[in-house]
Amino acid sequence: MSGKNGKGMGRRTFLKSVVGAGAAAMVAPSLLGSKAAAQSAPKTSAAARYARSLDWAGALTPSEKLTASHWGAFIAQVEDGKLVAVKPFGGDRAPVPMLQALPGRVYARSRIQYPMVREGFLKKGAASDRTGRGSERFVRVS
């Protein structure tokens, strides 16, 4: 299979495969064995199982998670619940260097930590006075 550039698997094909693998993973235990046997199997994501089956991700350690962003699929290294490093997904023939910035961006001081909204919009919604845009304070939405 190849993507638009003729190299490797395209994102659409990858996502379709992940969904298919996830559906198969949910159905397979009921078809192939007992519930107890299925529950004793290690819990891994459908994407990780699919990637391993293609030998693109290798064996993931307990601290590694296969995930994706709009910059592509990657393996996240998580320690004590904190993202500490990333490495590109092995099936990505053209990984984006921007992935390496993710650990720093997730915990950057400049990142908005909570959903915020203009105070007037929170009180009156779309009927709020729009002249406050740019000068009115923002409040946290819980």
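In this text the structure is predicted, and so the values were computed from the model without any measurement.

Draft legend 1. Just the overall build of the protein, in detail. A count of helices and strands for the protein gives five helices and five strands. The order of helices and strands in the protein, counted from the N terminus, is α-α-α-β-β-β-α-β-α-β. Here the protein holds 142 residues, and the buried ones make up 27% of them. Only carbon and sulfur atoms are counted for the fraction: they give 57% of the accessible area of the protein, which is about 10300 Å².

Draft legend 2. Quick peek at the side chain of Gln 77. For Gln 77, the position within the fold is in strand E2 (residues 72-79). In terms of polar contacts, Gln 77 uses its side chain to reach the side chain of Ser 63, at 2.5 Å. Those residues in contact with Gln 77 that sit more than four places away from it in its chain are Ser 63, Glu 64, Lys 82, Leu 83, Val 84 and Ala 85.

Draft legend 3. Expanded view of the packing of aromatic side chains. Scanning all chains against the criterion turns up zero aromatic pairs. When the ring centre of Tyr 107 is taken as origin, the NZ or CZ atom of Lys 82, which lies over that ring, is 4.8 Å away. One Lys or Arg, Arg 140, reaches over the ring of Tyr 114 and ends 3.4 Å from the middle of that ring.

Draft legend 4. Highlighting a nonpolar patch on the surface. Together, Ile 112, Tyr 114, Met 116 and Phe 138 make up a nonpolar patch on the protein surface, roughly 440 Å² of accessible area in all. Within the secondary structure, Tyr 114 sits in the loop between helix H4 (102-106) and strand E4 (116-118).

Draft legend 5. Spatial organisation of the sheet that holds E2. The three strands lie next to each other as E1-E2-E3, forming an open sheet whose pairing is antiparallel. The open sheet has two free edges, formed respectively by strand E1 (64-69) and strand E3 (82-88), since each of these has just one partner strand. Each adjacent strand pair in this sheet contributes to an overall mean axis angle of 40 degrees, direction not counted. With six bridges joining them, E1 and E2 adopt antiparallel strand pairing. Looking at the pairing, Thr 67 lines up with Phe 74 of E2.

Draft legend 6. Seen up close, the nonpolar core. Counting seven residues, the largest nonpolar core is built from Ala 47, Ala 48, Leu 60, Leu 66, Ala 73, Ile 75 and Phe 89. Of all the secondary structure elements, the ones that give two or more residues to this core are helix H3 (46-53) and E2. In this structure, Phe 74, Leu 83, Val 86 and Leu 99 belong to the second largest nonpolar core, which totals six residues.

Draft legend 7. Structural detail: the side chain of Ser 128. For Ser 128, the position within the fold is in the loop between helix H5 (119-124) and strand E5 (138-140). On the accessibility criterion, Ser 128 (7% relative accessible area) is buried. Discounting chain neighbours no more than four positions away, the residues touching Ser 128 are Arg 118, Gly 120 and Phe 121.

Draft legend 8. Representation of the pattern of salt bridges in the model. In the structure shown here, the tally under the stated rule is three salt bridges. Where Lys 87 meets Glu 64, a salt bridge forms, and the shortest distance between an N and an O atom there is 3.1 Å. In this pair, Lys 87 is assigned in strand E3 and Glu 64 in strand E1, connecting sequence segments 23 residues apart. The buried category is assigned to Glu 64, whose relative accessible area is 11%.

Draft legend 9. Here's a closer look at the pairing of E3. Alignment of E2 against E3, held across six bridges, turns out to be antiparallel. Residue pairing in the sheet places Phe 74 in a bridge with Pro 88 of E3.

What counts, and at which threshold
- Residues numbered from 1 in each chain as written.
- Predicted model: local features only at pLDDT ≥ 70, side-chain atom pairs only at ≥ 80, totals over all residues.
- Heavy atoms only, no water.
- Helix = DSSP H or I, 4+ residues; strand = E, 2+ residues; numbered from the N terminus.
- Buried < 20%, exposed > 50% of the residue type's maximum accessible area, 1.4 Å probe, protein only.
- Areas by Shrake-Rupley, 256 points an atom, 1.4 Å probe, with all protein chains shown as cover.
- Polar contact = N/O pair within 3.5 Å; in protein donor to acceptor, adjacent residues only side chain to side chain.
- Contact = heavy atoms within 4.5 Å.
- Phe/Tyr/Trp six-rings, centres within 6.5 Å; stacked < 30°, edge-to-face > 60°.
- Lys NZ or Arg CZ within 6 Å of the ring centre and 35° of its normal.
- Patch = residues over 30% accessible without salt bridge, like charges linked within 9 Å, V, L, I, M, F, W, Y side chains within 5 Å.
- Salt bridge = Lys/Arg side-chain N within 4 Å of Asp/Glu carboxyl O.
- Pairing = 2+ DSSP bridges.
- Axes fitted to C-alpha atoms, helices over the stretch in contact; angles between N-to-C directions.
- Core = buried A, V, L, I, M, F, W, Y, C linked by side-chain atoms within 4.5 Å.

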